[in-house]
Amino acid sequence: VAGGAAYWQVLRGLPEKAADRPAALARQLGSLRSRLAYVTAREPDVAAAKGGISYDRYAPALVPRIKGAFALHQLRLLSGNEAFFAFMKAFHARHRGQEVTTAQFLANARESLGRDVEADLRPWLDRTGVPDPAPTVDVVPRGKEWRVTVRTMQPAEAYRLASTVAVEAGDERLLFPIVVVGAKSAATFTVPQKPRRVVFDALADFPAATGRHHLFS
């Protein structure tokens, strides 16, 4: 998977203090997302698996690097830190100094993680474009608490997306992990105070075709 070096550079640059890492990671991923949007607004998009070196365009090299970084980020979120890092450590030890095919990476990931990850990663590798989820939010009182429901719709060829919803209520900013699956998906959270704002994909976990991140305020 292209983008491995880019993603490791992002992770290695995170602060030592765990509480500071989510915001720092979001800034780094947001920067990658902006670079991808900038390049693909000016040059034809390219599938990551078909990238390469070009002397008159940036997209063939840059787009696979960024999409590959997001593919690995999604794999980490969907697999969990412990399983992901164990797999990547073993993978690099096994193939150090070798050229590795996508098929080898997917096979090794399936063996190490105990599940078929091809459906999670193939869209990042084989498609042009980026995910295009359309989120909506419902906020309703439930006794002394408030229920927040985030619904998303995707085109027919949907990505499986791990992301984060931020709910700002009172003096708190609460983060809830979600997984968006299929053409229609929904997740519900309960918070102790009335939300003043709800943000979908609050930590820039994937590049999106739309700017519709702020849902409710």
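First, a word on scope: everything that follows refers to the structure included in this document. (Residues numbered from 1 in each chain as written. Predicted model: local features only at pLDDT ≥ 70, side-chain atom pairs only at ≥ 80, totals over all residues. Heavy atoms only, no water.)

Further remarks concern helix α2 (residues 21-42). Taking 1.5 Å per residue as the helical rise, α2 with its 22 residues ought to reach 32 Å, and the 32 Å between its terminal C-alpha atoms agrees with that figure. Buried residues in α2 make contact with α1 (4-12) and α3 (59-79). (Helix = DSSP H or I, 4+ residues; strand = E, 2+ residues; numbered from the N terminus. Expected span 1.5 Å × (residues − 1). Contact = heavy atoms within 4.5 Å.)

Not every positive phi belongs to a glycine, and Asp201 is a case in point at roughly 55°. The topology assignment puts Asp201 in the loop between β6 (195-200) and β7 (214-216).

A word on the side chain of Thr164. Inspection of the secondary structure assignment puts Thr164 in strand β3 (residues 161-169). By relative accessible area, Thr164 is classed as buried at 9%. Among residues more than four places away in sequence, those in contact with Thr164 are Leu175, Phe176, Pro177, Ile178, Val199, Phe200, Asp201, Ala202, Leu203 and Asp205. (Buried < 20%, exposed > 50% of the residue type's maximum accessible area, 1.4 Å probe, protein only.)

This next bit is on the pairing of strand β4 (residues 172-180). Regular strands place their side chains on alternate faces of the sheet. With nine bridges joining them, β3 and β4 adopt antiparallel strand pairing. In the sheet register, Thr164 faces β4, and the bridge partner there is Pro177. Counted along the chain from β3 to the antiparallel partner β4, the turn is two residues long, and its residue Gly170 has a positive phi close to 60°. (Pairing = 2+ DSSP bridges.)

Our next topic: the sheet that holds strand β1 (residues 134-142). If you trace the three strands from one edge of the open sheet to the other, you get β1-β2-β5, paired in antiparallel fashion. One side of each edge strand has no neighbouring strand; the edge strands of this open sheet are β1 and β5 (184-191). On average, each strand axis in the sheet is tilted by 15° relative to the strand beside it, whichever way the strands run. Bridge analysis of strand β2 (residues 145-153) against β5 gives eight bridges, and the strand direction is antiparallel. (Axes fitted to C-alpha atoms, helices over the stretch in contact; angles between N-to-C directions.)

What follows concerns the nonpolar core. Counting residues in each nonpolar core, the largest one holds 50 residues, and the members touching the most others are Leu75, Phe87, Phe105, Val148, Val150, Val165 and Phe189. With nine residues, the single largest contributor to this core is α3. Filtering out sequence-adjacent residues up to four positions away, Val148 remains in contact with Val137, Asp138, Val139, Val167, Ala187, Thr188, Phe189, Val191, Pro195 and Val198. (Core = buried A, V, L, I, M, F, W, Y, C linked by side-chain atoms within 4.5 Å.)

This brings us to the environment of Leu36. Counting through the fold element by element, Leu36 comes out in helix α2. Residue classification places Leu36 among the buried positions, given a relative accessible area of 5%. Taking the C-alpha atoms as reference points, Leu36 and Trp8, separated by 28 residues in sequence, lie 18 Å from one another. Ignoring any residue separated from it by four or fewer positions in sequence, one finds Leu36 in contact with Val63, Ile66, Lys67, Val130 and Pro207.

Let's shift gears to the side chain of Asp201. Given a relative accessible area of 3%, Asp201 falls into the buried group. A polar side-chain atom of Asp201 sits 3.0 Å from a polar atom in the side chain of Ser163. Within the structure, Asp201 has its side chain in polar contact with the backbone nitrogen of Asp205 (distance 2.8 Å). (Polar contact = N/O pair within 3.5 Å; in protein donor to acceptor, adjacent residues only side chain to side chain.)

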